[in-house]
Amino acid sequence: MPTNEKELNANLFDQLTLVERIERQLENGGAEAVKTEIEILKKEINRKLYQQPPLKSE
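Anyway, here's the lowdown on the structure attached to this text. Everything quoted here is computed from the prediction, not taken from an experiment. (Residues numbered from 1 in each chain as written. Predicted model: local features only at pLDDT ≥ 70, side-chain atom pairs only at ≥ 80, totals over all residues. Heavy atoms only, no water.)

**Brief notes about the overall build of the protein**
The following threshold applies: The secondary structure listing takes helices from DSSP runs of H or I that are at least 4 residues long and strands from runs of E that are at least 2 residues long, numbered from the N terminus. Residue burial is assigned from relative accessible area. The probe radius is 1.4 Å, only protein chains are included, and a residue is buried under 20% of its type maximum, exposed over 50%, and partly exposed in between. Per-residue accessibility takes into account occlusion by the displayed protein chains alone, with areas from the Shrake-Rupley method and a 1.4 Å probe.
The helix and strand inventory of the protein stands at 1 helix and 0 strands. Residues counted as buried form 7% of the 58 residues belonging to the protein. For the protein, the exposed area adds up to about 5,400 Å²; of that, 57% sits on carbon and sulfur atoms.

Following this line, the structure appears as structure tokens:
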């Protein structure tokens, strides 16, 4: 959960970027291009989510 406005804005910016990438693929390459882009995005998110060492120690 975001702890401050700056962190929240960063999360919203990331989400907007993802949506824009998907829209661009839909316009340029259709449904198959979107499926490919979504798979790429999933891999990028998982890399960040499960990075070693983690950004914050719990």
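**Section: helix 1 (residues 5–49)**
Just so we agree on the cut-off: In this analysis, the expected span of each helix is defined as 1.5 Å times one less than the number of residues it contains. Values of bend correspond, residue by residue, to the angle between axes fitted over the seven residues ending at that residue and the seven starting there. Each polar contact in these results corresponds to two N or O atoms within 3.5 Å; when the atoms are within protein, one needs to be able to donate a hydrogen and the other to accept it, and residues that are neighboring in sequence are counted only if both atoms are side-chain atoms.
Spanning 45 residues, helix 1 covers only 21 Å between terminal C-alpha atoms, well under the ideal 66 Å at 1.5 Å per step. Within helix 1, the axis deviates most sharply at Gly 29, by approximately 140°. Listed as buried for helix 1 are Ala 33, Val 34, Glu 37 and Leu 41. At the N-terminal boundary of helix 1, the capping side chain belongs to Asn 4, with an oxygen 3.1 Å from the backbone nitrogen of Lys 6.

**Describing a nonpolar patch on the surface**
Rules: Exposure above 30% relative accessible area and the absence of a salt bridge qualify a residue for a patch, where like charges join within 9 Å and nonpolar side chains (Val, Leu, Ile, Met, Phe, Trp, Tyr) within 5 Å. What makes a salt bridge here is a side-chain nitrogen of Lys or Arg within 4 Å of a carboxyl oxygen of Asp or Glu, nothing more.
On the surface, Ile 45, Leu 49 and Tyr 50 cluster together into a nonpolar patch covering about 350 Å² of accessible area. For Tyr 50, the position within the fold is in the segment after helix 1. The class for Tyr 50 is exposed, based on a relative accessible area of 59%.

**With respect to the pattern of salt bridges**
Pairs can form between side chains of opposite charge whenever their charged atoms are close. Scanning all chains against the criterion turns up 4 salt bridges. Of the charged contacts in the structure, one is a salt bridge between Glu 32 and Lys 35, with a shortest N-O distance of 3.6 Å. You can see Glu 32 and its partner Lys 35 sitting in helix 1, 3 residues apart, about one turn around the helix. You can call Glu 32 exposed: its relative accessible area is 53%. For Lys 42, the salt bridge goes to Glu 39, with nearest N and O atoms at 3.3 Å. On the criterion of helical spacing, the pair formed by Lys 42 and Glu 39 is a turn pair, its members being 3 residues apart in helix 1. Residue classification places Glu 39 among the partly exposed positions, given a relative accessible area of 41%.

**What to know about the side chain of Glu 37**
Definition in use: Every residue pair with non-hydrogen atoms within 4.5 Å of one another is taken to be in contact.
Relative to the helices and strands, Glu 37 resides in helix 1. The residues contacting Glu 37, other than those within four sequence positions of it, are Arg 21 and Gln 25.

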